[in-house]
Amino acid sequence: MDQEAIRRAVLRMAHEILEKNKGVDRLSLVGIRTRGVILAQRLKKAIKDIEGMDVPTGILDITLYRDDLTSVGSKPLVRETLIDFDINDMKIVLVDDVFFTGRTVRAALDALVDFGRPAVIQLAVLVDRGHRELPIRADFVGKNIPTTKSQNVQVVLDESDGKNDEVLMEG
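Residues numbered from 1 in each chain as written. Predicted model: local features only at pLDDT ≥ 70, side-chain atom pairs only at ≥ 80, totals over all residues. Heavy atoms only, no water.

**Comments concerning the side chain of Asn-21**
Keep this limit in mind: Only DSSP runs of H or I reaching four residues or more are called helices, and only runs of E reaching two or more are called strands; each is numbered from the N terminus. What qualifies as a polar contact is a pair of N or O atoms within 3.5 Å, subject to a donor-acceptor requirement within protein and to the restriction that residues adjacent in sequence count only when both atoms come from side chains. The contact definition used throughout considers only heavy atoms, calling two residues in contact when any of these lie within 4.5 Å.
Within the element layout of this structure, Asn-21 appears in the loop between helix 1 (3–20) and strand 1 (27–32). At a separation of 2.9 Å, a polar atom in the side chain of Asn-21 contacts the main-chain carbonyl oxygen of Ile-17. Sequence-distant contacts of Asn-21, that is, excluding residues within four places in its chain, are made with Leu-27, Lys-91, Val-93, Gln-122 and Phe-140.

Structure (structure tokens):
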């Protein structure tokens, strides 16, 4: 995907989120660090451009909720989680860049429910590459990219990488 394809995918996902949730009432976005946060901000802007209203947006760090924490190292880098709104009875759209095994999303669900009890949690991902290990599916997908398990999918975003947006597949 190039920059334009990513822009179109985010705009389409914003429309799909609004359609499924019947507007912005009780809707909020929570981005999974790092690129999920950037994509959540882009979705927030697209939703505001469409509806003329801001939706609450948060940042979720899942480091301490990972099931592979012991293999990450003895001192994992834990960054700030910032959800400064009440998530109880909200429609939360969890946002990430690449959806692979489902383990990141499982960790994010565990982390999110520590903040309250949303009415519903939905998942938006820029790229779904398949190979699920857990029974989790995305509600909103920018692009499905079939891969082998050994291939690597990398999302490059201007805000985090200082380069033009693109999705790369290696291997």
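That covers the picture; the talk isn't over yet.
**Overview of helix 1**
Cut-off, in case you're wondering: A helix's residues, less one, multiplied by 1.5 Å, set its expected span. When accessible area is computed with a 1.4 Å probe and restricted to protein chains, residues below 20% of their type maximum are described as buried, those above 50% as exposed, and intermediate ones as partly exposed.
With 18 residues, helix 1 should cover 26 Å at 1.5 Å per step; its first-to-last C-alpha distance of 26 Å lies within 8% of that length. Taken as a whole, helix 1 has its buried residues at Ala-5, Ile-6, Ala-9, Val-10, Met-13, Ala-14, Ile-17 and Leu-18. Tucked into the core, helix 1 has its buried residues touching strand 1, helix 2 (35–51), strand 3 (91–99), strand 4 (120–128), strand 5 (140–144) and strand 7 (166–170). If you check the start of helix 1, you find a side-chain oxygen 3.3 Å away from the backbone N of Glu-4, and it comes from Asp-2. Lys-22 sits one or two residues past helix 1 and shows a positive phi near 55°.

**Examining the nonpolar core**
Here is a general trend for soluble globular proteins: nonpolar side chains tend to be buried in one another's company. Here is the rule we go by: Note on terminology: a nonpolar core comprises buried Ala, Val, Leu, Ile, Met, Phe, Trp, Tyr and Cys residues joined through side-chain atoms within 4.5 Å.
The biggest cluster of nonpolar side chains holds 29 residues, and the ones touching the most others in it are Leu-43 and Ile-47. With seven residues, the single largest contributor to this core is helix 1. Residues contacting Ile-47, with those up to four places away along its chain left out, are Ala-14, Ile-17, Leu-18, Val-24, Leu-27, Leu-29, Gly-52, Met-53 and Val-55. Counting 21 residues, the second largest nonpolar core, distinct from the first, contains Phe-99, Ala-107, Leu-112 and Ala-138.

**Things to note about the pattern of salt bridges**
Which entries qualify depends on this criterion: The salt bridge criterion pairs a side-chain nitrogen of Lys or Arg with a carboxyl oxygen of Asp or Glu, the two atoms within 4 Å.
For the structure on display, the rule yields 13 salt bridges. In this structure, Asp-139 and Lys-20 form a salt bridge, with 3.3 Å as the shortest nitrogen-oxygen distance. Here Asp-139, found in the loop between strand 4 and strand 5, pairs with Lys-20, found in helix 1; they are 119 residues apart in sequence, far enough to count as distant. Residue Asp-139 is classed as partly exposed on the basis of its relative accessible area of 23%. Of the charged contacts, one joins Asp-128 and Arg-132 as a salt bridge, the two residues approaching to 2.8 Å between their closest N and O atoms. Under the relative-accessibility criterion, Asp-128 is labelled buried at 10%. Through salt bridges with shared partners, a single network forms among Glu-4, Arg-7 and Arg-8.

**Description of helix 4 (residues 103–113)**
Applicable threshold: An arc is given here, and it is the one of the directions from the helix axis to the C-beta atoms.
Residues of helix 4 that are buried include every one of Val-105, Ala-107, Ala-108, Ala-111 and Leu-112, and no others. Buried residues in helix 4, looked at end-on, bunch into an arc of 160°, giving them a common side. Looking at the buried residues of helix 4, the elements they touch are strand 1, strand 2 (57–60), strand 3 and strand 4.

**Some remarks on the environment of Asp-89**
Locating Asp-89 in the fold gives a position in the loop between helix 3 (69–72) and strand 3. Between the C-alpha atom of Asp-89 and that of Gly-130, which follows or precedes it by 41 residues, the distance is 30 Å.

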